Protein chains: 2
Amino acid sequence: MSEFFKAHQKTLEAACEALKKRDFWTAYPEVPSGKVYGETAKEDGEAAFKARLGKPFAIEGHPNTGSAGAEHSPYGLEINIKYPTAPVEELVSAARTAGKTWGKASIEARIGVCMELLDRLNKRSFEMANAVMHTTGQAFMMAFQAGGPHAQDRGLEAVAYAYEEMTRTPGTATWTKPQGKHDPIVMEKQYRVVPRGVALAIGCATFPTWNGYPGIFASLATGNAVIVKPHPMAILPLAITVEIGREVLMEAGFDPNVLVLAADEPGAEKTKDLVANPEIGIIDFTGSNAFGKWVRENAAEGTLVYTEEAGVNSIVIASTDNFKGMCSNIGFSLSLYSGQMCTAPQTIWVPRDGIDTDQGHKSFDEVADGIKLAVDKLLGDPARAAGICGAIANPATVERVKTSSTMGEVVRASSPIEGLDGARTATPTILKVDGDTTDSHMSEQFGPISFVVGVNSVADAIKQAATTAKTKGAITASLYATDEATQEAAADAFSEAGVGLSCNLTGSVFVNQNAAFSDFHVSGANPAGNACLTDAAYVANRFRITAVRKHKAA
Amino acid sequence: MSEFFKAHQKTLEAACEALKKRDFWTAYPEVPSGKVYGETAKEDGEAAFKARLGKPFAIEGHPNTGSAGAEHSPYGLEINIKYPTAPVEELVSAARTAGKTWGKASIEARIGVCMELLDRLNKRSFEMANAVMHTTGQAFMMAFQAGGPHAQDRGLEAVAYAYEEMTRTPGTATWTKPQGKHDPIVMEKQYRVVPRGVALAIGCATFPTWNGYPGIFASLATGNAVIVKPHPMAILPLAITVEIGREVLMEAGFDPNVLVLAADEPGAEKTKDLVANPEIGIIDFTGSNAFGKWVRENAAEGTLVYTEEAGVNSIVIASTDNFKGMCSNIGFSLSLYSGQMCTAPQTIWVPRDGIDTDQGHKSFDEVADGIKLAVDKLLGDPARAAGICGAIANPATVERVKTSSTMGEVVRASSPIEGLDGARTATPTILKVDGDTTDSHMSEQFGPISFVVGVNSVADAIKQAATTAKTKGAITASLYATDEATQEAAADAFSEAGVGLSCNLTGSVFVNQNAAFSDFHVSGANPAGNACLTDAAYVANRFRITAVRKHKAA
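Residues numbered from 1 in each chain as written. Chains lettered and ligands numbered in written order. Predicted model: local features only at pLDDT ≥ 70, side-chain atom pairs only at ≥ 80, totals over all residues. Heavy atoms only, no water.

## Quick word on the overall build of chain A
Then comes step 1: Counting secondary structure elements, chain A contains 19 helices and 19 strands.
Then comes step 2: Over its C-alpha atoms chain A spans a radius of gyration of 25 Å, differing by no more than 12% from the 24 Å that the globule rule assigns to 554 residues.
Then comes step 3: By principal-axis analysis of the C-alpha atoms, chain A measures approximately 85 × 65 × 45 Å.
Then comes step 4: Within chain A, contacts between residues at least 6 apart in sequence are counted, and of these 75% link residues at least 24 apart.
Then comes step 5: Put simply, chain A shows about 19300 Å² of open surface, and 52% of that area lies on carbon and sulfur atoms. (Helix = DSSP H or I, 4+ residues; strand = E, 2+ residues; numbered from the N terminus. Rg over C-alpha atoms; globule rule 2.2 N^0.38 Å. Contact = heavy atoms within 4.5 Å. Areas by Shrake-Rupley, 256 points an atom, 1.4 Å probe, with all protein chains shown as cover.)

And the structure:
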């Protein structure tokens, strides 16, 4: 049995158990503490990151007939790293060749490599935090947690599901069919896990590891070589992942091209050629609905495509027994990473005639103002604002924020964050609109742009929010309601629209947050994505089973 | 808890266990014996079947604005049954409406209905045998076994996988996240199984129940209403299934339109309109590659499509220590249901310079003759020939047999079976070809048409057979080889081509046979189909999960 598998077997078993219980569980501590990661881990990680800047990123044995890389830190830091690359055909060919042995390796050997890779990634979480921060614009704490341990947990989830799905069928079986008074018929059967072919994982610009690891690890674990195609604006986190993965593969005796990087630059993306390549058997995609549709429609015949696209996340406000807590919680959700999370709420539905609260009746305007004031208070201190909002990944988002003020009445105007010189920043814009007279709130406005929307009633709010989820997609939904009947009605409506619901969040849990081993991310049941990170369906079709049967020798 | 669930819980648990062990197991006895099914079961079943002939097939509460049905027995019996039907929009609307409550029912309630339906179908196996026999042309014994208990086992397999996949996530969980010295964060989570929408099951003309039940039961169990669209030549077996299913649904308090029949007639098929209907969330299809491709390409965006199409099944003959047993076994495989099984071998690859056997070296011609003589012997008695070959489902198959003699040198000519007056019959045609000079053997020739193909070597035979499987599809593969190296090479090659391999079958197990709970039918990894009957991947994506989370009340 693989040494790596043995070393991590207990963690794997605990992960499998956690998936069944869905209580809080994590394999990788989320606190960026020296006590957990080593007293010098923070400095070492930063130094390792800085040592990469301005240099070619060498990857031993990687297809390397050219180089690519044009990342720019949203914080203004010079990145200037060039990654090895090669034409699409060469990358695919290298992965396909390496994948033959990988696909025939034992389940334990492959799972062992995946577990060891996750473990090494965990130890490199500070370096990864810097890489994620300076490509995505996330603040350091989020970059550490979401880019490091939380992403590793998401990867482990996929490995655990893959292990369970592959081992639910035994490697061998004896089939004994009684024949009455005669001897039974006895056959020996051998079952083989057969991979789909070369997998392609297309990363996004905001959460390259958190969104990328599930697909990468699900495909790897099930025997498929993986071509990792990072977003051209966020290559480094996935390049580090590939680099470490190849080291582990080599140590385990595999061709490192089981894990290949497809780096490219804006304007010269390799994505379309990779998607259409007939050797690609699996595609994981995180990105826009428009490009997601292109991927789904242009993948070669028979290619499995798993997407996380985008949608319009709603909050329905019906009533609350904690008006202050509600406003603070919503304010934080709107501010966190400046609304660039696929889980961030955008559209807040409120009855035109207001809501009942612990502070008495609040008018529609008072609700909107309450949220505005909570954001103002939260972001009043520039250092705290920087730590919550981070920077803006894409310049287009800043432009969108600027022009968004025409879409409604400005309740709160966006502004840059003081003290982050050279960084691209924008605090939340909050707009007020009437649901009957406009519809910008029913389309995704990516970034720190949100709408407080006046509607007829609570029932109308639920109906419109759920309909928007069903037609435009949604990854999260949130409800504030003190009565169970409204909670139940909302749960039914959002469930039917394929979106999970958070009820009455007023403390330190936010609708944007999604916990590995407990929460399912994306349902696969509305246009925000056709798959879920991570459930059994996400892994079970990445391999097939073939059998060999023969009569048992007498 | 549902009464039906309780009544069948032990069978369900045994089925789940059987899927893990993959030893011989069955819930429904395959012997058409009075001791098992009741002393009068045979006569009762035949009487029940005959009572349906020449009459409208009434289904209580079924959409019924017209009627359809133009089945003709391959045995010549007058069928003349008219089934209730309605325009596609009405069928879909009825199923969608009924599906709402069905989708919200408990897992146990739905599984209970499925298990009860299977149990009642089992009790009606003799009636079903007559219905299958006189629509498909199968001989009585096969119609009983494959149309009855074996099909029921296949349905149960799907129900068991669905139960396991749905219950692997708990209905509720408590999530307790430690907060150091502070109180933990405690959240309550509720997980809901959400169906995909209305499912469509498109049946085939040869094995309407065996091929139809997996998809029908997988979709039903996971909460989807199902529109059953039988092949216009084989409606009755699925109409009986729908009729019984609706009785069970009503008894359990559900709208019977959870199970709807879409009967039609040749030349006025409803299939294309159903496939393209945007309300359809899942399609199961069994049929030709050409129409399978159409279904895959024309299903509405986001519809899951599971297909069993067709392919070219190969036998590679390298050597044998039982020449007589080999020839008999192959002869039976070619004769059974006159080659109309999707698992029947078609192309027999033999080295041009012959093979080593227990009877000494046999030339290529001697191998071909050995198989021919085995068929002649097997079918020498007309009554036995009728019991093995049955009748030909589709008149086009008889035409194909007639014209096939131009595709090679005739080793054995097809002939009608004596004594089956009025029936459409054809015994196997066996052709001899050289692999270098023709290629008809590399395309599917549906029906009792097979080729003995001369090739350079055993390695060449394996390579050509596996390549044909990979490019044209294959559902089975068979090998005769006395040495392990050849067995291993063939296992590798066929596995990579996505097809299971049977080795050295010389007794009473045939390559055409596929045992529920042990053998996987179709791999989903070559053009013979994109899915497997049945594995976890076949069921896991038929539902999605949404969650509701809230803080635990203090």
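## Regarding the environment of B:Thr167
Residue and element names in this part refer to chain B.
Then comes step 1: By secondary structure assignment, the location of Thr167 is in helix α8 (residues 149-167).
Then comes step 2: As a C-alpha pair, Thr167 and Ile202 span 35 residues in sequence and 28 Å in three-dimensional space.
Then comes step 3: Here the side chain of Thr167 touches Tyr163 through a polar contact of 2.6 Å, landing on its backbone oxygen. (Polar contact = N/O pair within 3.5 Å; in protein donor to acceptor, adjacent residues only side chain to side chain.)

## Re the UniProt feature "domain: Aldehyde dehydrogenase" (unreviewed entry) in chain A
Then comes step 1: Following the UniProt record, one finds the feature "domain: Aldehyde dehydrogenase" (unreviewed entry) at residues 86-504 of chain A.
Then comes step 2: For residues 86-504 of chain A, the end-to-end C-alpha separation is 51 Å, with 46% helix and 20% strand making up the annotated structure. (UniProt positions renumbered as here; feature names shortened; annotations may be inferred.)

## A look at the sheet that holds strand β5 (residues 198-202) of chain B
Remark on secondary structure: sheet strands pair via backbone hydrogen bonds, oriented parallel or antiparallel.
Residue and element names in this part refer to chain B.
Then comes step 1: Read across the open sheet, the five strands follow the order β7-β6-β5-β8-β9; overall the sheet is parallel. Among the strands making up the open sheet, the edge pair consists of β7 (259-261) and β9 (304-308). Ignoring which end each strand starts from, the neighbouring axes of this sheet average 15° apart.
Then comes step 2: Pairing between β5 and strand β6 (residues 226-229): four bridges, direction parallel. Paired with Ala201 across the strands is Val228, a residue of β6. (Pairing = 2+ DSSP bridges. Axes fitted to C-alpha atoms, helices over the stretch in contact; angles between N-to-C directions.)

## Considerations on the interface of chain A and chain B
Then comes step 1: Facing 75 residues of chain A, the contacting portion of chain B comprises 75 residues.
Then comes step 2: Carbon and sulfur atoms supply 46% of the area that chain A and chain B bury against each other, a total of about 5800 Å² over both sides.
Then comes step 3: Inspection of the chain A/chain B interface yields 22 salt bridges.
Then comes step 4: One salt bridge in this structure joins B:Arg168 and A:Glu164, with 2.7 Å as the shortest N-O distance.
Then comes step 5: For the pair chain A and chain B, the interface holds 48 residue pairs in polar contact (both at pLDDT 80 or more).
Then comes step 6: Here the side of chain A that touches chain B is composed, by residue class, of 30 nonpolar, 20 polar and 25 charged.
Then comes step 7: Inspection of the sheet shows strand β19 (residues 543-551) of chain A paired to strand β18 (residues 501-503) of chain B by three bridges, in the parallel sense. By the bridge assignment for β18(B), A:Val548 is matched with B:Leu501. (Buried area = accessible area lost by both parts, 1.4 Å probe. Salt bridge = Lys/Arg side-chain N within 4 Å of Asp/Glu carboxyl O. Nonpolar A, V, L, I, M, F, W, Y, C, P; charged D, E, K, R; others polar.)

## Topic: helix α16 (residues 395-403) of chain A
Residues and elements named next belong to chain A.
Then comes step 1: Within α16, the full set of buried residues consists of Thr397, Val398 and Val401. Considered in projection along α16, the buried side chains sweep an arc of 100° and stay on one side of the axis.
Then comes step 2: Contacts made by the buried residues of α16 are with β15 (429-434) and β16 (449-455). (Buried < 20%, exposed > 50% of the residue type's maximum accessible area, 1.4 Å probe, protein only. Arc of directions from axis to C-beta.)

## As for the pattern of salt bridges
Residue and element names in this part refer to chain A.
Then comes step 1: All chains considered together, the criterion is met by 74 salt bridges over all chains.
Then comes step 2: Put simply, Arg120 and Glu251 hold a salt bridge, and the shortest N to O gap is 2.7 Å. With Arg120 in helix α5 (residues 107-123) and Glu251 in helix α10 (residues 236-251), this residue pair connects regions lying 131 residues apart in the sequence.
Then comes step 3: Exposure remark for Glu251: the relative accessible area of 53% places this residue in the exposed category.

## Comments concerning the domain arrangement of chain A
Residue and element names in this part refer to chain A.
Then comes step 1: As far as domains go, chain A holds domain 1 (3-309 + 531-549) and domain 2 (314-503).
Then comes step 2: Centre-to-centre, using C-alpha coordinates, domain 1 lies 33 Å away from domain 2.
Then comes step 3: Taken together, the contacts link 15 residues of domain 1 with 20 residues of domain 2.
Then comes step 4: For the domain 1 and domain 2 pair, buried surface summed over both sides reaches about 1200 Å², with 64% attributable to carbon and sulfur atoms.
Then comes step 5: Among the residues domain 1 hides against domain 2, the three largest losses belong to Pro74, Tyr75 and Met142. Together they make up 35% of the total.
Then comes step 6: Counting the contacts that link domain 1 with domain 2 gives zero salt bridges. (Domains from an automatic or database assignment.)

## Side note on the sheet that holds strand β3 (residues 172-179) of chain B
Then comes step 1: Taken together, the ten strands give an open sheet; going across it, the order is β14(A)-β15(A)-β16(A)-β11(A)-β10(A)-β17(A)-β18(A)-β19(B)-β4(B)-β3(B), and neighbouring strands pair in mixed fashion. Two strands in the sheet have a free side with no partner beyond their single neighbour: β14 (409-412) of chain A together with β3 of chain B. Neighbour to neighbour, the strand axes of the sheet diverge by 25° on average, direction disregarded.
Then comes step 2: Both strand β4 (residues 182-195) of chain B and strand β19 (residues 543-551) of chain B contribute to a ladder of nine bridges, which runs antiparallel. Note on β19(B): the bridge partner recorded for B:Gln190 is B:Val548.

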